[in-house]
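Topology and contacts: notes
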Amino acid sequence: MDYKKTLINLAISLLLSPIVVYVVLLMAKAAGSTYEMTHGETFIIWLLMALVIGQSVVKK
């Protein structure tokens with residue numbers, strides 16, 4: 001297992017996940033919806049989105 005590559009992929013997915021979450025929320029706001037999220041909900045969504053991005057970036 002290449003630890004350096006794994007840590008780089010994790011860092012990239014953790015940096016991209018809030019961007020994706022806020023883009024989705026901004027698109028929903030532009031469509032007229034309003035969402036209010038607590039800090040705990042935002043943290044959980046951030047981690048789950050990082051996992052999804054991490055799984056989609058991996059080369060097979």
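Residues numbered from 1 in each chain as written. Predicted model: local features only at pLDDT ≥ 70, side-chain atom pairs only at ≥ 80, totals over all residues. Heavy atoms only, no water.

**A few points about helix α1 (residues 3-30)**
With 28 residues, α1 extends 41 Å between its outermost C-alpha atoms, agreeing within 8% with the 40 Å of an ideal straight helix rising 1.5 Å per residue. Taken residue by residue, α1 has Ser-13, Ser-17, Val-21 and Ala-28 as its buried positions. Positive backbone phi, approximately 105°, marks Gly-32, located one or two places after α1. (Helix = DSSP H or I, 4+ residues; strand = E, 2+ residues; numbered from the N terminus. Expected span 1.5 Å × (residues − 1). Buried < 20%, exposed > 50% of the residue type's maximum accessible area, 1.4 Å probe, protein only.)

**Things to note about the packing of α1 against helix α2 (residues 39-57)**
Axis separation between α1 and α2 bottoms out at 7 Å; the angle between their running directions is 120°. Considered as vectors, α1 and α2 are oriented oblique to each other. With respect to the hand of their crossing, α1 and α2 are arranged in right-handed fashion. Side by side, α1 and α2 meet where Asn-9, Ser-13, Leu-14, Leu-16, Ser-17, Pro-18, Val-20, Val-21 and Tyr-22 of the first sit next to Thr-42, Ile-45, Trp-46, Leu-47, Met-49, Ala-50, Ile-53, Gly-54 and Val-57 of the second. (Axes fitted to C-alpha atoms, helices over the stretch in contact; angles between N-to-C directions. Parallel < 35°, antiparallel > 145°, perpendicular 65-115°, else oblique. Left-handed = near helix turned anticlockwise from the far one by under 90°. Contact = heavy atoms within 4.5 Å.)

**Digging into the UniProt feature "transmembrane region" (unreviewed entry) in the chain**
According to UniProt, the positions carrying the feature "transmembrane region" (unreviewed entry) are residues 7-28 and 40-58. The span residues 7-28 shows a helical share of 100% and a strand share of 0%, and its end C-alpha atoms are spaced 32 Å apart. (UniProt positions renumbered as here; feature names shortened; annotations may be inferred.)

**With respect to the packing of aromatic side chains**
What the rule picks out here adds up to 1 aromatic pair. Summarising the aromatic geometry, the rings of Phe-43 and Trp-46 are spaced 5.7 Å apart at their centres and angled 50° between planes, so their arrangement reads as tilted. Of this pair, Phe-43 and Trp-46 both sit in helix α2, separated by 3 residues, roughly a single helical turn. (Phe/Tyr/Trp six-rings, centres within 6.5 Å; stacked < 30°, edge-to-face > 60°.)

**Observations concerning the side chain of Ser-17**
Within the secondary structure, Ser-17 sits in helix α1. Excluding residues that lie within four positions of it along the chain, Ser-17 makes contacts with Trp-46, Met-49, Ala-50 and Ile-53.

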